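Geometric and topological summary
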Amino acid sequence: MIRILLIIIGTVMLSSYAQAEVLRIAVLEYNGANLEDDNSEAFLLKLSDQTRSAAVNVLSKKNFLILTRENMLEVLKDMGKDSSCIDGECEVEVGRNIGADFIVTGDILKIENTYVLTLKLYETDSGGLLATQEIQHTSLLKVKEDTRTQSEILLSDGLANIVENEKLDEAAAQKENTSTTLVVPNKPSDTAAIENDS
């Protein structure tokens, strides 16, 4: 009976795999200043969508969950807050409140004849700034086109250490879970050791 129980415990330990925690990323709605276009609000939404698309392209779905605008609005509604808080005014706090591990914010303004978009990636626990990117163009269309590429760079650079650490932690946990010594008694006085280093 003890032998069967030890075999079952050993099998369970060998078959268990470390489950890496999925990290949540929220892209808040971008802010704009000195934009003279009637469609500036729609344009800002388009810019934040470009960053969400970039996140989907560069981040592993196994390790990261990209929160949609709708996800964030629903969480804010459940908290009794209005949607104005999603537009970057209370950035890190909103990220914490909606359960995001990281947030991306963006601010665009027009200086003389040049549009300047600044993208920032924050860790919500510490509030620490992980990476920034800046885009400058005289054309709003060109800013939109470059937002996706610069967002990919922002996320890749800012999360490189986190992704690498996650992979290292996962590999260590898998190694720990698959290297097991199982002691199975043949008789009450005899003991046999089986070593498995997969």
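For the structure, check the block above.
What counts as what
- Residues numbered from 1 in each chain as written.
- Predicted model: local features only at pLDDT ≥ 70, side-chain atom pairs only at ≥ 80, totals over all residues.
- Heavy atoms only, no water.
- Helix = DSSP H or I, 4+ residues; strand = E, 2+ residues; numbered from the N terminus.
- Buried < 20%, exposed > 50% of the residue type's maximum accessible area, 1.4 Å probe, protein only.
- Contact = heavy atoms within 4.5 Å.
- Areas by Shrake-Rupley, 256 points an atom, 1.4 Å probe, with all protein chains shown as cover.
- Arc of directions from axis to C-beta.
- Salt bridge = Lys/Arg side-chain N within 4 Å of Asp/Glu carboxyl O.

1. Remarks on the overall build of the chain
What the chain contains, in helices and strands, is five helices and eight strands. When the helices and strands of the chain are read in sequence order from the N terminus, they spell out α-β-β-α-β-α-α-β-β-β-α-β-β. Counting over 198 residues, the chain shows a buried share of 34%. Across the chain, the fraction of contacts at a sequence separation of at least 24, relative to all contacts at a separation of at least 6, is 58%. Summing over all exposed atoms, the chain offers an accessible surface of approximately 11,400 Å²; the carbon and sulfur share of this is 51%.

2. Here's the deal with helix 3 (residues 69–78)
When we look at burial in helix 3, the residues that qualify are Arg69, Met72 and Leu76. Summarising the axial view, the buried residues of helix 3 lie within an arc of 70°, below the 170-degree limit, and thus occupy one face. Seen from the open side of helix 3, the exposed residues pointing more than 90 degrees away from its buried face are Glu70, Lys77 and Asp78. Downstream of helix 3 by a residue or two, Gly80 has a phi angle that is positive, lying close to 80°.

3. Thoughts on the pattern of salt bridges
In this structure the tally under the stated criterion is seven salt bridges. Note that Arg148 and Glu152 form a salt bridge whose closest N and O atoms lie 4.0 Å from each other. Of the two residues, Arg148 and Glu152 both sit in helix 5 (residues 140–178), four residues apart, roughly one turn of that helix. A relative accessible area of 30% places Arg148 in the partly exposed class.

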